[in-house]
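A closer look at the structure
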Amino acid sequence: MTTLFVLDVPENTTVAEVAGQNPAVTVDHVGPYFRIVSSSEIVIDRRATGCRHAVWYSSVAGLAQSRITQWDKDAMRIEPR
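In strand β4 (residues 42-45), alternate side chains face the same way, and those of I42 and I44 are buried while those of V43 and D45 on the opposite face are not. Note: β4 against strand β7 (residues 75-80), four bridges, orientation antiparallel. Considered in β7, the bridge of D45 is made with A75.

Structure follows, in structure tokens:
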């Protein structure tokens, strides 16, 4: 499973919301984090989140069995290892 953790703070809420719009993605909570999970890759469009660059590039709190293959001004792509 591809798993991304994002700290649940107001600045990061839209990251989880946009990720959760994909029916293949599940978003829940583990402690103070959003846990974003999919059996395939997770792709999040930065512009859809409305995040400014500083928030965007500091949003990832952790990964499990996953790797970041794209994280630029356009999108974040997390793929399974």
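On we go.
The subject of this paragraph is unusual backbone geometry. Excluding glycine, residues mostly carry a negative phi; peptide bonds, for their part, are mostly trans. Of note, the phi angle at Q65 is positive, near 50°, even though the residue is not glycine. If you trace the backbone, Q65 turns up in the loop between β5 (60-64) and β6 (66-71).

Below, the discussion takes up the sheet that holds β4. Here we have three strands laid out as an open sheet, ordered β4-β7-β6, and antiparallel in their pairing. Only two strands of the sheet have a single partner each, and these edge strands are β4 and β6. Taking the axes of each pair of neighbouring strands and ignoring which way they run, one obtains an average angle of 15° across the sheet.

Let us now look at the packing of aromatic side chains. Applying the stated criterion across every chain yields a total of one aromatic pair. Note on Y57 and W71: the rings are 6.1 Å apart at their centroids and 45° apart in plane angle, and the pair reads as tilted. Of this pair, Y57 sits in the loop between α3 (53-56) and β5 while W71 sits in strand β6, and the two are 14 residues apart along the sequence. Exposure remark for Y57: the relative accessible area of 38% places this residue in the partly exposed category.

Basis of the calculations
Residues numbered from 1 in each chain as written. Predicted model: local features only at pLDDT ≥ 70, side-chain atom pairs only at ≥ 80, totals over all residues. Heavy atoms only, no water. Buried < 20%, exposed > 50% of the residue type's maximum accessible area, 1.4 Å probe, protein only. Helix = DSSP H or I, 4+ residues; strand = E, 2+ residues; numbered from the N terminus. Pairing = 2+ DSSP bridges. Axes fitted to C-alpha atoms, helices over the stretch in contact; angles between N-to-C directions. Phe/Tyr/Trp six-rings, centres within 6.5 Å; stacked < 30°, edge-to-face > 60°.

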